[in-house]
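Residue-level listing of the chains:
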Amino acid sequence: MHCSCSCQHARTLKKDAQSHPKYTYKSGDPNGIGKWYMGREIAHVMGFQGIGWLERTEREEEENTSLLIKNMSISPSEVIADIGAGSGYHALRMASIARDGLVYAVDIQPEMLNAIEQKKVSEDINNIITVKGDERSVNLEANSIDKVLMVDVYHEFNFPFEMVASIKKALKPNGKIFLIEYKGEDGSIPIKTIHKMTLKQAVKEFEA
């Protein structure tokens, strides 16, 4: 079974390489998928089984999430997209500020979206809309979003070039993207290297 899956995965990667020459394939980090973009190996997606880690009580202290939300300068009427929304940790906090606007919580895992829907009901929130994205698109209407937030998720995109193009299409002309990743330059952060990004790498990829 393991050999069969590996062979099928290899054929898929080969086909993908032919249609997307911007990506290369080679073995690397055990926590990576063996697919590289602009010199960076793409990390495995964190499954919905890790939802407890997203909701850990010490997250505010570790990541200063309230400062992040403050620095986004969210207006009450803005439309915001939380890409890779996970459990809805940030989406719920932004929704309380954009009370006259909307927050689109986008994720590729139905289990994550279900968790957000449950929170909407339990906390009586009506300005969050869950959206099922896919590996290449955020599935949002063009020219509809004021601000996009991505927290610790971009480095897991299987198709980062296509995803950023999709996000750019969804943004309004003066829209903004907030990319949040663990600093690759800081070796003291107790996160696996493949789950970090350097500022230089982030700028290079977004300029592309």
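Whatever comes next refers back to the structure up there.
The rules behind each value
Residues numbered from 1 in each chain as written. Predicted model: local features only at pLDDT ≥ 70, side-chain atom pairs only at ≥ 80, totals over all residues. Heavy atoms only, no water. Helix = DSSP H or I, 4+ residues; strand = E, 2+ residues; numbered from the N terminus. Buried < 20%, exposed > 50% of the residue type's maximum accessible area, 1.4 Å probe, protein only. Contact = heavy atoms within 4.5 Å. Salt bridge = Lys/Arg side-chain N within 4 Å of Asp/Glu carboxyl O. Pairing = 2+ DSSP bridges. Axes fitted to C-alpha atoms, helices over the stretch in contact; angles between N-to-C directions. Phe/Tyr/Trp six-rings, centres within 6.5 Å; stacked < 30°, edge-to-face > 60°.

Undergrad: What is the right way to read the overall build of the protein chain from this model?
TA: Assigned secondary structure in the protein chain consists of eight helices and 10 strands. Out of the 208 residues in the protein chain, the part that is buried amounts to 45%. Look at the contacts in the protein chain between residues 6 or more apart in sequence, and 64% of them connect residues 24 or more apart.

Undergrad: Quick question: what am I supposed to make of the pattern of salt bridges here?
TA: Counting across every chain of the model gives eight salt bridges. The residue Glu62 makes a salt bridge to Arg56 at a minimum N-O spacing of 2.9 Å. A salt bridge links Lys147 to Glu78, with the shortest nitrogen-to-oxygen separation between them at 3.2 Å. With Lys147 in strand 7 (residues 145-151) and Glu78 in the loop between helix 4 (65-71) and strand 4 (79-83), the pair connects residues that are 69 residues apart, well separated along the chain. Here Glu78 falls in the buried class, since its relative accessible area comes to 14%. Through salt bridges with shared partners, a single ionic network connects Arg56, Arg59, Glu62 and Glu63.

Undergrad: Just checking my understanding: could you explain the sheet that holds strand 3 (residues 40-43) for this structure?
TA: Strands in a sheet are paired, the pairing made by backbone hydrogen bonds, and the direction either parallel or antiparallel. A sheet is described by the order of its strands in space; here three strands give the open sequence 1-2-3, paired in antiparallel fashion. Single-partner strands in this sheet number two, and they are strand 1 (23-25) and strand 3. Strand-to-strand twist of the sheet, defined as the mean angle between neighbouring strand axes without regard to direction, takes the value 40°. Bridge count for strand 2 (residues 32-37) against strand 3 is three bridges, and the pairing is antiparallel. Among the inter-strand pairings, Trp36 is bridged to a residue of strand 3, identified as Glu41. The strands that helix 7 (residues 160-170) touches are strand 1, strand 2 and strand 3; relative to strand 1, the one it contacts most, it runs at about 155°.

Undergrad: Any chance you could explain the packing of aromatic side chains here in plain terms?
TA: Within a pair of aromatic rings, the relevant descriptors are the distance that separates the centres and the angle that separates the planes. Taken as a whole and judged by the stated rule, the model has four aromatic pairs. Ring centres of Tyr23 and Tyr37 lie 5.4 Å apart, and the angle between their planes is 50°; on these two criteria the pair is classed as tilted. One end of the pair, Tyr23, is in strand 1; the other, Tyr37, is in strand 2, with 14 residues separating them in the sequence. In terms of burial, Tyr23 and Tyr37 fall into one category: buried. Between Tyr154 and Phe206 the ring centres are 5.2 Å apart and the planes differ by 45°, which places this aromatic pair in the tilted class. Here Tyr154 is found in the loop between strand 7 and helix 7, whereas its partner Phe206 is found in helix 8 (residues 199-207), with 52 residues between them in sequence. Note on Tyr154: relative accessible area 0%, which makes it buried. Here the aromatic residues Tyr23, Tyr37 and Phe159 are joined through ring pairs into a cluster of three or more.

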